Amino acid sequence: MIRLLLADDHPVVRAGLRAVLDAEPDFEIVAEAASAERAVELAASERVDVVLMDLQFGAGMHGADATALIAAADGGPRVLVLTTYDTDADILAAVEAGASGYLLKDAPPEELAAAVRTAAAGRSALAPAVALRLMDRMRAPAESLSKRELEVLQLVRDGLSNAEIARQLFLSQATVKSHLVHVYAKLGVDSRTSAVAAAIKRGLVRPR
């Protein structure tokens with residue numbers, strides 16, 4: 001049996017996942033978590049093979065941060081991110097946190113079940129669209145925004161000044177400005193507003 005933990009702050013989503021996964025003879029749902037913090041606790045205290053992790057949990061811990069904590073534990077469960085978001089920023093955050101897979105919530109039940117089994121076996125389970133985005137980044141690394149550039153751009157989207165971004169990311173203002181210069185060049189824009197608009201249009205960051 002593959003023992004599962006469902007981590008999502010929406011009860012309706014958890015109920016839907018339970019209905020789909022309970023139909024699989026080799027799956028057992030052993031726990032549910034409505035917050036990322038609770039998911040980390042349950043992953044450590046329960047015998048779990050795979051955590052199905054959402055990325056956004058309201059004002060609490062982000063799913064990628066929870067993924068990193070769970071993935072760092074010796075002998076801990078695999079984490080399969082299951083989200084509605086397919087931006088570069090979200091995908092990179094999850095992959096770098098140690099997620100074993102990344103699937104979108106509109107995936108058909110058979111694809112979800114296959115991804116769970118793949119993750120449980122210790123292999124990578126990426127939705128086709130996600131794998132394609134990662135391949136595109138590998139083919140054109142000079143044109144792709146780095147993880148740090150995406151972080152800076154997301155904070156620009158949130159309305160933070162360079163000084164505020166520097167404080168939040170523990171960087172100098174000069175470094176923030178340098179990152180923005182690179183962002184502008186890669187996106188072919190010349191202003192903060194245009195950079196955010198272009199990034200949202202290209203699926204690099206989420207709309208605010």
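Structure: see above.
So, here is what we can say about the structure in this document.

Cut-offs applied
Residues numbered from 1 in each chain as written. Predicted model: local features only at pLDDT ≥ 70, side-chain atom pairs only at ≥ 80, totals over all residues. Heavy atoms only, no water. Helix = DSSP H or I, 4+ residues; strand = E, 2+ residues; numbered from the N terminus. Rg over C-alpha atoms; globule rule 2.2 N^0.38 Å. Buried < 20%, exposed > 50% of the residue type's maximum accessible area, 1.4 Å probe, protein only. Contact = heavy atoms within 4.5 Å. Areas by Shrake-Rupley, 256 points an atom, 1.4 Å probe, with all protein chains shown as cover. Salt bridge = Lys/Arg side-chain N within 4 Å of Asp/Glu carboxyl O. Axes fitted to C-alpha atoms, helices over the stretch in contact; angles between N-to-C directions. Parallel < 35°, antiparallel > 145°, perpendicular 65-115°, else oblique. Pairing = 2+ DSSP bridges. Core = buried A, V, L, I, M, F, W, Y, C linked by side-chain atoms within 4.5 Å.

Looking at the overall build of the chain
Part 1 of the argument: From N to C terminus, the chain includes ten helices and six strands.
Part 2 of the argument: Its C-alpha atoms give the chain a radius of gyration of 18 Å, near enough to 17 Å, the size a compact globule of 208 residues would have.
Part 3 of the argument: The C-alpha extent of the chain, read off along each of the three principal axes, is 55 × 30 × 30 Å.
Part 4 of the argument: When the 208 residues of the chain are sorted by exposure, 44% land in the buried category.
Part 5 of the argument: Of all intrachain contacts in the chain linking residues separated by at least 6 positions in sequence, the fraction that spans at least 24 positions is 62%.
Part 6 of the argument: Carbon together with sulfur atoms contributes 54% to the accessible area of the chain, which is approximately 10200 Å² in total.

Points about the pattern of salt bridges
Part 1 of the argument: Enumeration over the complete set of coordinates arrives at 15 salt bridges.
Part 2 of the argument: Close ionic contact of Lys105 with Asp54 constitutes a salt bridge, the shortest N to O distance being 3.5 Å. Of this pair, Lys105 sits in the loop between β5 (101-104) and α5 (109-120) while Asp54 sits in the loop between β3 (50-53) and α3 (63-72), and the two are 51 residues apart along the sequence.
Part 3 of the argument: We classify Lys105 as partly exposed; its relative accessible area is 28%.
Part 4 of the argument: Glu149 is paired through a salt bridge with Lys186; the nearest N and O atoms lie 2.9 Å apart. Highlighted residues: Glu149 in helix α7 (residues 147-157) and Lys186 in helix α9 (residues 173-187), separated in sequence by 37 residues.
Part 5 of the argument: What makes Glu149 buried here is its relative accessible area of 5%.
Part 6 of the argument: Relative accessible area serves as the criterion here: at 26%, Lys186 is assigned to the partly exposed category.
Part 7 of the argument: Among the charged side chains, a salt-bridge network with shared partners connects Asp8, Asp54 and Lys105.

Observations concerning the side chain of Thr118
Part 1 of the argument: With respect to the helices and strands, the residue Thr118 is situated in helix α5.
Part 2 of the argument: Judged by its relative accessible area of 18%, Thr118 is buried.
Part 3 of the argument: Contact partners of Thr118, with chain neighbours within four places excluded, come to Arg123, Ser124 and Ala125.

Here's the deal with the packing of α7 against α9
Part 1 of the argument: The N-to-C vectors of α7 and α9 enclose an angle of 95°; their axes lie 10 Å apart at closest approach. On the basis of their axis angle, the class for α7 and α9 is roughly perpendicular. Contact with α7, carried on its side by Arg148, Glu149, Val152, Leu153 and Val156, involves Val176, His179, Leu180, His182, Val183, Lys186 and Leu187 of α9 and no other residues of that element.

Some points on the sheet that holds strand β4 (residues 78-83)
Part 1 of the argument: With parallel pairing, the six strands of this open sheet are ordered in space as β2-β1-β3-β4-β5-β6. Each edge of the sheet is formed by a strand with only one pairing partner; in this case those strands are β2 (27-33) and β6 (125-126).
Part 2 of the argument: Where strand β1 (residues 2-7) and β2 come together, six bridges link them in parallel fashion. Bridge assignment links Leu4 to a residue of β2, and that residue is Ile29.

A look at the nonpolar core
Part 1 of the argument: If you look at the biggest cluster of nonpolar residues, it comprises 52 residues, and the most contacted ones within it are Leu4, Leu21, Leu52, Leu112, Val116 and Leu187.
Part 2 of the argument: If we skip the residues at most four places from it in the chain, Leu21 touches Leu4, Leu6, Phe27, Ile29, Leu52 and Leu112.
Part 3 of the argument: Counting residues in hydrophobic clusters, the runner-up holds 15 residues, among them Ala7, Val51, Phe57 and Ile70.

Here we look at unusual backbone geometry
Part 1 of the argument: Notably, Phe170 is not glycine yet its phi reads approximately 60°, a positive angle.
Part 2 of the argument: Looking at the secondary structure, you find Phe170 in the loop between α8 (162-169) and α9.

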